[in-house]
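Survey of secondary and tertiary structure
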Amino acid sequence: MSQELTKELAQKLLGIKGEARGVAFKTDREYVLRKKGEEYLKKVEKELERLGYPIKYEEIKSMDFYPIGLRILSLLVIKEVLNLNDDAIKEMGLVATKSSLIIKILAKYFLSLQRVFSIESPKIWKKHYTIGEIEPVELNEEKKYAILRLKDFKVHKIMCSYLGGYFCGVAQLITKTSKIEFKETKCPFLGDEYHEFLLTWK
Amino acid sequence: MKANTHTIEEERKKIEYLLEDLTSLENYTKDLFNFFPIPICVVSSIGIILEANPSLEKITGYQIEELIGKGIEELFKIEDIDNLTKEIFEKELVKGKEVTLLTKEKKEIPVSVYARLRKTEQGEAIGYFLGFFDLTEIKKFQEQLQEKINELERLREKEIILRMEESAKSADIEKRVKEFEDTRKALMNILEDAEEARKKAEEERNQTLAIINNFVDGILVFDKNRKLSLINPQAENFFSVKGEDIIGRSISELGTFPTLKPLLNLVGEEIKGVFRKELSIKETLILEVTTIPMIREGERIGSLVILHDITREKMIERMKSEFVSIAAHQLRTPLSAIKWTLKMILDGDLGEVPKEQREFLEKTYQSNERIINLINDLLNVSRIEEGRYLYKPILTDFIPILDSLIDSYKEEIKKKNLKLKLKKPQKLPKVKVDVEKISLAIQNLLENAIRYNKESGEIEINLKEKGKEIEFSIRDTGIGIPKDQQNRVFTKFFRGYNAIKMETEGSGLGLFITKNIIEAHGGKIWFESEEGKGTTFYFTLPIVQKT
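Here's what I pulled together on the structure shown here. (Residues numbered from 1 in each chain as written. Chains lettered and ligands numbered in written order. Predicted model: local features only at pLDDT ≥ 70, side-chain atom pairs only at ≥ 80, totals over all residues. Heavy atoms only, no water.)

Focus on the overall build of chain A
Rules: Numbered from the N terminus, helices here are DSSP runs of H or I no shorter than four residues, and strands are runs of E no shorter than two. Under the scheme applied here, a residue whose accessible area is under 20% of the maximum for its type counts as buried, over 50% as exposed, and between as partly exposed, the area being computed with a 1.4 Å probe on protein chains only. Here a residue-residue contact requires only that any non-hydrogen atoms of the pair lie within 4.5 Å. The protein chains shown are the only cover counted for residues, whose accessible areas, like all others here, come from Shrake-Rupley with a 1.4 Å probe.
In terms of regular secondary structure, chain A is built from eight helices and six strands. Taken from the N to the C terminus, the helices and strands of chain A come in the order α-β-α-α-β-α-α-α-α-β-β-α-β-β. Residues classed as buried in chain A amount to 57% of the 202 residues present. For chain A, the proportion of contacts with a sequence separation of at least 24, taken over those separated by at least 6, is 67%. Surface exposure of chain A reaches about 9,400 Å², of which carbon and sulfur atoms provide 48%.

See the structure below:
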């Protein structure tokens, strides 16, 4: 059941404390352009304008910081304009890793799964968001799974799907697998203290 | 506080500049990366594609999202990528290595790879840049080029072959030229020989012409179309004509020349075969005409007419005949007187003749008879030759003449113990003959059959009607006529050598006279003979009236 996008909601979202890197808006833009083209991007921008938060994706600076509420609003508007389901949002997260400038910059450290999981993943998070924290819980390369926790990041439910996909995307860059899935085993919106993602691959 | 505020503002601005620069740099890098027309990717140290440009997207058929995160080995053949990776990490730089790119559709594309190892500031390898150049077109071009080269090679080979063939042809041509030269030389030699032969032939021709022109006999040459092609001066004299007036004319045209007419009447339009035929052109010119067909390679190419002037011979012959006639007449009168005187003595009209004398007288009588007979023969011949041997024909029955003659020779036949067979029809048409002359002819034949027959031999006489003629034949079983002498049988004074050997007496005039008698009656005479076995003489006489 989709949430109705209203100025009130937008305003409420913009009230969330914390910032996100502009690169997230850039990856959103890339997704819309590749999926639907320029026309839909304009529709998205127009909807954001309607909601009182006009964004020109072109002018977004990848390395600058923007309100995390605006980042959530961008996702919600794209979901609505492009009529996306949760799976598509996951895909958005996954694809975002492939066009993210930050990932490209950090990729030089993607020397092993273990390193990325243990060392780089918290850094990657910090490079993207000013709130929340990644905690690597378990990595089993033999059984091909990993467990990550995201703490202090209860912003909007849509981010659960998006981030799950995003984690899969990062994992894909170090596991040489095309089939990687995640399951959010714990979620603050379900009463848990943190998000916990189980990543599995073949 | 104000200073702090100023400082924060300055720092914020600096950050803003940095962010703008970063964004510009990001865009620049992105634009540059996307601009590259050659496929480029960034590969992590563990072989995962971290970045790919649209050109790679295009060449592989994968979308960029599909490419990023994909193991680089999925884009290449395993052996290629293993060697390539090893080489990149070892050499840090790889240029133009040819490998095969695998597309999403499993299509193989030849590419030339360029790779550079990426390192951290600390020198740690963190992956590599990989770019490759599509060799498809180049390969295709190379293949086409190779094909062209092959084609050129084939053409070159063909050209070489052609040149070799041409060379061979040239050699062949040279050979042929030499052959032609040899042939030319041979032809020149032949021509020289031919010229020599021509000169020789001309000389021979001139010689032949000189011979012909100076030949004592007259010569006329007719070509195959029976047109006169040559006449020698002697013939011109004979006929009082000039060669230039008559050469090239046909027989019929020549007939318009009065002097030539007798000759043309003799030889006819077809220039029939004539052998030593007498031709009286005028009183003072008698020619003996012989025609000879000229045959070359089985084809008649013309006729040669030889005219031998026998005027003088004929005159001498006539004079001889006249002499013989006069002498014979002069001799016959006293010999007749002697004959009758001896006859009277032997018959006892003048008294009895003692036996010893009788024998001598009888021998004398027989000798006288032989001389008379000889003189008669000579007279007959003389008359024949003088053309005075005119017969007195009467229409008569031939059989009684024959019977009478046979009857008169019965004693002689019996004496030699010959067996006579006579085959004759009951009746025969009458013939118009001079009985005396025809009797002489039969007599000559019968005498020869008796005289030259062997003892107890046979004589067979056959008389029959055959068409418009009666045919007489007389066969004996005598000595025969030698083959090499048969052509002279009807000539004057001829006697076969076997006849002379057997019978010393004989004038050799009998068959000459017989032949003239038969032919004077319009008949024909001939014979068949085999030496040692016998001879058969035949003659025919034309039937005038049938009974």
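So much for the structure itself; the text now carries on.
Details of the interface of chain B and chain A
Condition: By definition, the buried area sums, over both parts, the 1.4 Å-probe accessible area that each loses when the two are put together. Take a side-chain nitrogen of Lys or Arg and a carboxyl oxygen of Asp or Glu: if they are within 4 Å of each other, that pair is a salt bridge. Polar contacts, as used here, are pairs of N or O atoms within 3.5 Å; protein pairs need one atom able to donate a hydrogen and one able to accept it. Residues neighboring in sequence count only if both atoms are side-chain atoms. Three residue categories are used. Nonpolar comprises Ala, Val, Leu, Ile, Met, Phe, Trp, Tyr, Cys and Pro, charged comprises Asp, Glu, Lys and Arg, and polar comprises the others, including Gly.
Contacts between chain B and chain A engage 27 residues on the former and 20 residues on the latter. When the two sides are added together, the surface that chain B and chain A hide from each other amounts to roughly 2,200 Å², 56% of it contributed by carbon and sulfur. Considering only the surface of chain B that becomes buried against chain A, B:E26, B:I46 and B:E65 emerge as the three largest contributors, covering 26% of it. Counting the contacts that link chain B with chain A gives three salt bridges. Between B:E65 and A:R34 there is a salt bridge whose closest N-O contact spans 2.3 Å. For the pair chain B and chain A, the interface holds five residue pairs in polar contact (both at pLDDT 80 or more). For the side of chain B that touches chain A, the secondary structure elements donating two or more residues are α1 (2-35), β2 (49-52), α3 (64-67) and β5 (125-134) of chain B. For the side of chain B that touches chain A, the element with the highest residue contribution is α1(B), accounting for six residues. Residue composition of the side of chain B that touches chain A, grouped by class: 10 nonpolar, seven polar and 10 charged.

Let's talk about empty space enclosed by the protein
Residues and elements named next belong to chain A. Put simply, the test is: Lining residues are those with an atom within 4 Å of a point, where the points come from a 1 Å grid over the protein atoms alone and group into cavities, where a 1.4 Å probe fits but cannot get out, or pockets, open sets with protein on both sides within 12 Å along at least five of seven lines. Grid points are joined across faces, edges and corners, and a volume is the space filled by probe spheres set on the points.
Taken as a whole and assessed by the stated rule, the structure comprises three cavities of 30 Å³ or more. Taken as a whole, the largest cavity holds about 260 Å³ of empty space. Forming the walls of the largest cavity are 25 residues, and the residues nearest its centre are S121, L148, Y166, F167 and V170. Counting only elements with at least two residues in the lining of the largest cavity, the list comes to α2 (23-35), α7 (113-128), β4 (145-151), α8 (158-175) and β6 (195-201).

Comments concerning unusual backbone geometry
One non-glycine residue with positive phi stands out, namely A:N83, at about 55°. With respect to the element layout, A:N83 can be found in the loop between α4 (68-81) and α5 (86-99). Judged by its relative accessible area of 69%, A:N83 is exposed. Look at B:K106: it is not a glycine, yet its phi comes out positive at around 65°. With respect to the helices and strands, the residue B:K106 is situated in the loop between β3 (93-102) and β4 (108-119).

Comments concerning the sheet that holds strand β5 (residues 180-186) of chain A
Residues and elements named next belong to chain A. Which entries qualify depends on this criterion: In this description, strands pair whenever DSSP reports at least two bridges between them. Here, axes are lines fitted to C-alpha atoms. For helices the fit covers the stretch in contact, and angles between N-to-C directions go from 0 to 180 degrees.
Ordered by their spatial adjacency, four strands build an open sheet running β3-β4-β6-β5, and the pairing between neighbours is antiparallel. Of all strands in the sheet, those with a lone pairing partner are β3 (133-140) and β5, marking the two edges. Averaged over all neighbouring strand pairs, the angle between strand axes comes to 20°, with direction disregarded. Pairing between β3 and β4: seven bridges, direction antiparallel. Across the sheet, residue I134 finds its bridge partner in β4, namely L150. Strands in contact with α7 are β3, β4 and β6; relative to β3, the strand with the most contacts, it is inclined by about 165°. α8 rests against β3, β4, β5 and β6 of the sheet, and its axis sits at about 135° to β5.

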